[in-house]
Structures are given as structure tokens and as C-alpha cells.
Amino acid sequence: MIESIEEGRKEDGNRSIADKIKKRLHNLDKTVENNQGRWAWELLQNAKDSIADYPDRKISVQIELDEDQVVFRHNGIHFTEKDIRGLINQISSKEVEEGEQTKRTGRFGTGFLTTHLLSKVIDVSGIVETNDFELFRFQFPLDREGSTTTQLVPKIENAWKGFHNSTEEIQNSYDQKEFNTSFKYHLHTAHQKEIARIGTEEFMKLIPYVLTFIENIEKVEILDNVQNEVLTFTKAEFDNNESILTIQKNCNGIISPIHILNASNSKITVAIEIEKVDEGYEIKSHKNIPKLFCDFPLIGTEAFHFPVIVNSFYFNPQIESDGIWLKGSDDSEVVENQSLLEEALELYKSLLDKVSSENFYNIFNMANSKLPDTAEKYFDENWYRKTIQDPLRTYLLTKPIVELESDSKEKKLPKDVWFPAKSFSKDIREKLWQYTFDLYNDAVCNQNHIQEWVEVSWSDWNMLDYEELAKDLEKQGSIEKLSEGLDKDETETFKWYNEVAKFLLEIESNIIFFQNRKILPNQNG
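Note that this is a predicted model, so its numbers are computed, not measured.

Digging into the overall build of the protein chain
Here is step 1 of the chain: A tally of regular secondary structure across the protein chain gives 14 helices and 21 strands.
Here is step 2 of the chain: The C-alpha extent of the protein chain, read off along each of the three principal axes, is 115 × 45 × 45 Å.
Here is step 3 of the chain: Expressed as a percentage of its 525 residues, the buried residues of the protein chain come to 50%.
Here is step 4 of the chain: Carbon and sulfur atoms make up 44% of the accessible area of the protein chain, which totals about 25,900 Å².
Here is step 5 of the chain: Averaging the coordinates of the 62 positive side-chain charges in the protein chain and doing the same for the 93 negative ones gives two points 2 Å apart.

Structure below.
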């Protein structure tokens, strides 16, 4: 062997690795606002993937946040030699041979680099098993400081030296329940601390869904030494029926349950958070929650507008894990994603059957059927309208989901209720609702729900506007009949009538209703 050529070959390999790292970190720096919370999910994904080949194994994870550092720990399976090579050389250890099935969520070797938004230097510690089944403890710094390939090349070699110099053979077995793997990130700047805080808060908000979707994660603990809080999230038993999973949140000893309504098949789960109340359950808003999960949240899908959260391990996400491919009928990944969403629609229907027939309220929070707000180049609008939106809307209209003001327990079909038109201001909507309620108290939704129902309504719904109000007024026929309908005396009825007339005439063009319709009282009433 010619030693100089061999050294050159090694240097070429390191330069190729360094160049890939440099480009990825550069792109991350340019899109930092979109990725600030992603570090925690990448680390949790790696922890979960460590036990992918051990179906009976469960893991616990811990995030410890201090003023100057973040430490992520887990008690998953030890590293393999391939994992170490993937970590240092930035080559995905999760790639599989063609046709081979994988249980690992991670698809891209560049994902772990996202965690460098916290710190360019990470202290990595853990246990590695060699190909000869020997076990070694290790701890070394993984340094990605540098803006050029030349600056990064020696740091790759230094990482290898640090790893090898730190290895210490384990003679006996080790406690697998301990947090044997950790990643420590040093926070030197206000910006790094902000990313740490944003990621931690996003993690706390979304982890109940992740615990619902992933059976193997047993416990999540967050030690926030900055705010003196200790939070743990663990799974409790299913409620009386298996469609509601309870996550126990413990904050400094105060326990609060988080209930997740869900339905699953072998490939997909749909879910939404609910809150237990005296009469049953209220469905909570998920407006600012990513609508799509590939076991972990696809940050950026908050405006995908599916009526519930959809999770599938089998989704084919876009490169930045901020959406899924849904355009290209001859693309197998697109076809699979579309098929999964069609399955999600069927599961959603089963949840809608349940909430419409049982004691569930605020169903408007799972009735949004707008088109997803996503990039046109990734999204086939015609396919979505025909296959998802139209059937979804048709099904929604067949279910009693609208709570009434006149009876808080009764729910009606959307087609049997009238809603203020979306084009009006909130104030106008409220007045249209009030005057209609005065005339027909079982024809409008609960007053507290007006704005929410208007936002999810579409053109097929009965819409209240000035003309409809004028028609309803004309139907009364006389002040006497109006008085009976309102259950008011004549004086109060005239007062109500004058208020409505004034409201109508606030818009100059509405005078036509007084000219063309019989809504002006005469000497006969």
C-alpha cells in the first residue's frame, strides 16, 4: 500500500463529509425560524429508533434545561458501530437495502444536524457494542464549528480521536434502565437560549400526541432548572372505551390529565385532544397544532386544515419534514401518501359518528374542511377536492353536530341551522344571530359558538344576511303576530322592531327591503 495515496483517500472522504455538513448547516442557518423547535424531535426520534428492532422494549427520555446548557438523555438501546459512523461521518445509519422493511422513523442522515442549531459543539456520551459484541463506554465532543470545508475537515478526525481515546470497556453488564445515552448542548448566546426555550415549549405542547402515536415511549421528563419546574408525561389507562387515551401530566407534583380521542388501523391514527366536563367531553381547538405527524410532528403543517390530527409512520415526508408529497400520480410515494389520507378520512368519519351521537361538545373544533394551505408544487388540489374534501363535507352534513342556544344538550344537522355569513364582521354576525334567535330560537347555534361555526362553514350552509332577516320579519305579518312570536308586549315589540329597522338601515342599500317587502307597520299593524 502506498501510504500517501491512502492518506489522500482518507482526506478526500473527510472533505466530502465536511462539505455536506457545511452545506446543511448553512441551509439551516438560513431557515432557522422554521426549525427552532425541531431539535427535540430529532433527538426523540433517535431515541425511539434505537429500540426499533426490540418490539418489547420501552424507553424513557429526559430533557434538562439550564441557563447555559441543554442535556437530552434516554435509556434506549446502546449504539452500534454503524451508529457511531453515522453520527461522526454524517451518514444515515437508518438507511435500508432495497426492498427491506424498516421500523425506524428517521429517513435522512441530515436530520441530526438540525440539533446543531442549539450548539455547534455537542458532548456525546453512551455505550457502543462492537461487531464482536464487546461493550464500551465513551464520551467525546462532536464539533461542527466552522464555515468552510477546510475548517471542518480536521474536526471530523478530532471527533474520531476523541471517541477512540474515551472508550472504556465494560467488563460486566450495565443497567439498561439508566439514562446511558446523552447529548449535551452548550448555550452561549441569547439566540441559542431562545431556541432551547422554543423547542422545549413546543415539545411540551405536542408530546401528548406523540405518546398517543408511539407505544414504546413510556415516560418523558423535563427538568426546567431555569423556571424551577419538573414535568413528567406518562400514559395512563384508556378510559371506559378504547377511543380515549389519558396522558398524565405532572408539574411539580400537580397532576392533570390530558385526554386524546383517537381511532386507528394498522397504518394510521387520527386524534384530537378533548377535555372532560360534567356533561361529557368538550373537543379542544387544534388550530396551532401540526395536522400531520410521521410518528413525530411535521412542523409546518399547522395550516393543512384536516379536521383532526393525522399520524402515520408510513407517510413519505418532504425533505425538511414540513409536509408530505401529494402531487404526481405516477410517483409511488405520492400514491402512498394519498392512500393514507383516504384511510384517515374513513377513521375521521368513525370519530364523527361517535362525537355526534354521544356527549361531546364544541364539535366545530373538528369540522374544518378547508383546502390545505400548502405549496402548490407539492399538492394536487383536484385530487384533494374530489377524494377528501367533497366526501368529508358530504358526511359532515349528515351528522347532528351543532349545539343550539335553546337547548344545550340538543344537536342538529348543519342543514337545519342558520349561520351568519362569513363576509360580515363579528359584530354584524352577533346581531344577525340575535335577531334571528329572537324570532326562531331553535334555528341558530349556541351563541358562544357563532364565530367558530362561521369560520368552518361553506356555501352549502344556510346563511343569514340582511335579506334573510328582512324575509323573516315579513313572515310575521303584523305587529300583533310579531309580539306573540317575541313573547313581548306591544311597547317592547315596537322597541325591538325599531332596533332591527335601524340595524338594517345602517346599510343604505338595504332600504330596498322596506320598499319591496311588507315589513313596515301601517295603521292596521
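With respect to the environment of Lys184
Here is step 1 of the chain: Topologically, Lys184 is positioned in strand β7 (residues 181–186).
Here is step 2 of the chain: When the C-alpha atoms of Lys184 and Val270 are compared, they prove to be 34 Å apart, with 86 residues separating the residues in sequence.
Here is step 3 of the chain: In this view, Lys184 contacts Gln69, Val70, Val71, Val121, Ile122 and Asp123; residues no more than four positions away in its chain are not counted.

Focus: a positive patch on the surface
Here is step 1 of the chain: Together, Lys287, Lys370, Lys422 and Lys426 line one region of the surface with positive charge.
Here is step 2 of the chain: Classification of Lys422 as partly exposed rests on a relative accessible area of 36%.

Regarding the nonpolar core
Most often, soluble globular proteins have nonpolar side chains that are buried together.
Here is step 1 of the chain: In terms of nonpolar packing, the biggest core is built from 123 residues, with Leu44, Phe233, Phe306, Leu341, Met366 and Trp453 touching the most fellow members.
Here is step 2 of the chain: Once you skip the residues sitting within four places of it in the chain, Leu44 turns out to touch Val61, Phe72, Phe203, Ile207, Val210, Ile217 and Phe296.
Here is step 3 of the chain: Ile428, Leu469, Leu473 and Phe503 belong to the second largest nonpolar core, which has 22 residues in total.

Describing the side chain of Asp472
Here is step 1 of the chain: Along the chain, Asp472 turns up in helix α11 (residues 466–475).
Here is step 2 of the chain: Under the relative-accessibility criterion, Asp472 is labelled buried at 7%.
Here is step 3 of the chain: Contact partners of Asp472, with chain neighbours within four places excluded, come to Thr436, Leu439 and Tyr440.

Quick notes on the environment of Phe514
Here is step 1 of the chain: Structurally, the position occupied by Phe514 is in helix α14 (residues 511–516).
Here is step 2 of the chain: You can call Phe514 buried: its relative accessible area is 11%.
Here is step 3 of the chain: Sequence separation of Phe514 and Trp458 is 56 residues, and the distance between their C-alpha atoms is 29 Å.
Here is step 4 of the chain: When residues no more than four places from it in sequence are discounted, the contact partners of Phe514 are Tyr497, Ala501, Leu504, Leu505, Ile519 and Leu520.

Rules used throughout
- Residues numbered from 1 in each chain as written.
- Predicted model: local features only at pLDDT ≥ 70, side-chain atom pairs only at ≥ 80, totals over all residues.
- Heavy atoms only, no water.
- Helix = DSSP H or I, 4+ residues; strand = E, 2+ residues; numbered from the N terminus.
- Buried < 20%, exposed > 50% of the residue type's maximum accessible area, 1.4 Å probe, protein only.
- Areas by Shrake-Rupley, 256 points an atom, 1.4 Å probe, with all protein chains shown as cover.
- Lys, Arg positive; Asp, Glu negative; His and termini not counted.
- Charge placed at Lys NZ, Arg CZ, Asp CG, Glu CD.
- Contact = heavy atoms within 4.5 Å.
- Patch = residues over 30% accessible without salt bridge, like charges linked within 9 Å, V, L, I, M, F, W, Y side chains within 5 Å.
- Salt bridge = Lys/Arg side-chain N within 4 Å of Asp/Glu carboxyl O.
- Core = buried A, V, L, I, M, F, W, Y, C linked by side-chain atoms within 4.5 Å.

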